[in-house]
Protein chains: 2
Amino acid sequence: MLLGNEKPVTAADKTFILLRDDIVEGRIVAGSKLSETELSTKYAVSRAIIREAINRLEACHIVERKANVGARVVALSPQGLIELYQVRESLEGMAARLAAVNMTHEEIDDLMGLLQRHFDEVKDGQSYYQEAGDVDFHYRIILGSKNKHLISMLFDGIYHLVRMYRVQLGMAGPRVTTAYDEHKHIVKAIANRDAELAEMLMRRHIMYSKNSIEAKLS
Amino acid sequence: MLLGNEKPVTAADKTFILLRDDIVEGRIVAGSKLSETELSTKYAVSRAIIREAINRLEACHIVERKANVGARVVALSPQGLIELYQVRESLEGMAARLAAVNMTHEEIDDLMGLLQRHFDEVKDGQSYYQEAGDVDFHYRIILGSKNKHLISMLFDGIYHLVRMYRVQLGMAGPRVTTAYDEHKHIVKAIANRDAELAEMLMRRHIMYSKNSIEAKLS
DNA sequence: AACAATTAGTATGTCGACAATATAGCAGCA
DNA sequence: TGCTGCTATATTGTCGACATACTAATTGTT
C-alpha cells in the first residue's frame, strides 16, 4: 500500500517499501531477526541497499537495531498498541484543530463528498468495516492541517505501525456505523471552523477506537 | 549536547552526532547543501559513513534529501517554527497527561527538587534564562510519560530542531519568572494526579512560550 | 542574439571486499 | 560436573571503486 505520493526512484527506496510492507503485512513475522546477507539475496540487491532500508525502518520504529548485533522487527504488545494510540490521539487531535483553520472550502467540500459516499455504502448494506474509507478520511484531515511535521510523523511513522497491529492482531473490526457518525460530527466542526471542537471530537473518536480494540484484545 | 543516553559506539553514530551538532549550533549554515565527498574529507571518514549520518539527519527532519541530487540543511522560517511548536504543544501536552498517571512518587519528588533549585537560582538574582534547567524540566516530564514513541519523537526529532531555532534566531529569551510559575503549577497538577489539568497547563505553557518567541520575531 | 541539443563533468547511488565485533562451541581446569 | 577462557565462525561495520543520474557549459542552429 502506497500512502501519500512516495514515488520510489532509487533501489533503496523500492527495497525499503518492499521490506516495510512485508513486515507490516506479517510476511516477515514480528520480533524476528533481520539478517542483512539473507535479505540481500532475498531481494536481489547489495547489502548496502538492505542496510539503508533497515535504517529507514528504524526511523519509522518498525525495527530496532543494536550496534554490532543486528536489527529485529519490533514485537507487538497490547501495551505498545496503547502507547501508539495515545500518540495518535494527541497528533490527530491537533491535526483536526489545525484543519479547522487551514483547510480550504474546496477541501472541506471534498471531504463531505467522501463522507456521503461512505454513507451510501453503509446504507446499501455494505456495512463491513471500510478500512480504506476510514484511512482516507483521517488522511485528508491530517493533510488539511498543512503542518509538515504532523503529516510526516503520522504518515511515515505512526500509520504503518497502526496498520501492522490491525493486520497482525486481526482486527477488521466493526464500529462502522458509530464511526460514521463521529466522522460526520468532526467534519461539521471543521466546516464551522470550530477548531476547539474539532480537536475534541477527533480525540474522542480515536479514544473510542482504542477502547474498541482494547476490548477485543482482552 | 548529548541528550538522553545515546552512547555513540560506531563511527556512523559519532559522525551523526558531530554533524548534527554542527548544524544545530549553526557552524553549518541552515539551507546549505551537504556534499558527501566534502563532508567525508572534513570528518575523515568514508562516504558510506557520511551517507548513513545524513540518512539519520533526514529522519530527524534536520536535512532534506532529493534522490540523485543531494541533501540540504532545512531552511529556518517563522512558519516552520510555528509548526514545530504546534507539534510540541500536542505531544508535550499528552506527555504531561501521561506523566500525571505514570510518574512514580520518587520521580515527582525529584522533579519538585529540581524546581526548588530553579527557584533558588531565580531568587539569587541569576535570573538570566536558564535553558538547561528548562530543558531538564521538560525532559523529566516527557520521560515520565513512559511512552516510548512520545519520548523518541520529542528527543530525537523535535528537540534538536527547537534548539536549532533557539540558537540561530538568537533567543536566549527572558520569561524566566513566569515560566517558573507555570512549571510549578504543572508539577502540582502532576503530583495531584490530575492528568486533565496537567495537559492543559503544559499546553498553555508551550503556547505562551511560542507567543513570546513570535513576538520577538516580528 | 536567443534557444535547443549535445556533451563533459561532478555528485550521488550501488556494489563487492576487507576489518572489527559479537556469539557459539569446545577445550581445559577446578 | 560445572565453570572459565579461548577459538572459530558468522554477522555487522567500513571502505574504495565503479555505475548512473543530474547539472551546466558549449556548440550549433534559427
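Scroll up to find the structure.
Everything numeric in this text was worked out from a predicted model, so none of it was measured.

(A) View of the protein's contact with DNA strand D. In the vicinity of DNA strand D, 19 residues are found, and the nearest of them are A:Arg47, A:Arg51, B:Thr10, B:Ala11 and B:Ile49. Of all atoms in DNA strand D that approach within 4 Å of the protein, 71% are sugar or phosphate atoms. Within the side chain of A:Arg51, an N or O atom sits 2.3 Å from a phosphate oxygen of DNA strand D. Contact between DNA strand D and A:Asn68: a phosphate oxygen at 3.2 Å from a main-chain N or O atom of the residue. Among the elements of the structure, strand E1 (33-34) and helix H3 (47-59) of chain A together with helix H1 (11-24) and helix H3 (47-59) of chain B are those that each provide at least two residues to the surface near DNA strand D. For the surface near DNA strand D, the residue count by class is eight nonpolar, six polar and five charged.

(B) Expanded view of the protein's contact with DNA strand C. With respect to spatial proximity, 18 residues lie near DNA strand C, and among them A:Thr10, A:Ala11, A:Ile49, B:Arg47 and B:Arg51 are the closest. Backbone sugar and phosphate groups make up 70% of those atoms of DNA strand C lying within 4 Å of the protein. A distance of 3.5 Å separates a phosphate oxygen of DNA strand C from a polar atom in the backbone of B:Leu34. At a separation of 3.2 Å, a phosphate oxygen of DNA strand C approaches a polar backbone atom of B:Asn68. Mapped onto the surface near DNA strand C, the elements with two or more residues apiece are helix H1 (11-24) and H3 of chain A together with strand E1 (33-34) and H3 of chain B. Here the surface near DNA strand C gets three residues from one element, more than from any other, and that element is H3(A). Class assignment for the residues of the surface near DNA strand C results in seven nonpolar, six polar and five charged.

(C) Just the environment of B:Ile23, in detail. All names here are of chain B. Inspection of the secondary structure puts Ile23 in helix H1. Taking the C-alpha atoms as reference points, Ile23 and Val63, 40 residues apart in sequence, are found 9.3 Å from one another. Apart from residues lying up to four places away in sequence, Ile23 is in contact with Ile28, Leu34, Leu57, Ile62, Val63, Val73, Met164 and Gln168.

Quick notes on the rules
Residues numbered from 1 in each chain as written. Chains lettered and ligands numbered in written order. Predicted model: local features only at pLDDT ≥ 70, side-chain atom pairs only at ≥ 80, totals over all residues. Heavy atoms only, no water. Near = heavy atom within 4 Å. Polar contact = N/O pair within 3.5 Å; in protein donor to acceptor, adjacent residues only side chain to side chain. Helix = DSSP H or I, 4+ residues; strand = E, 2+ residues; numbered from the N terminus. Nonpolar A, V, L, I, M, F, W, Y, C, P; charged D, E, K, R; others polar. Contact = heavy atoms within 4.5 Å.

Any functional reading would require information beyond the geometric quantities listed.
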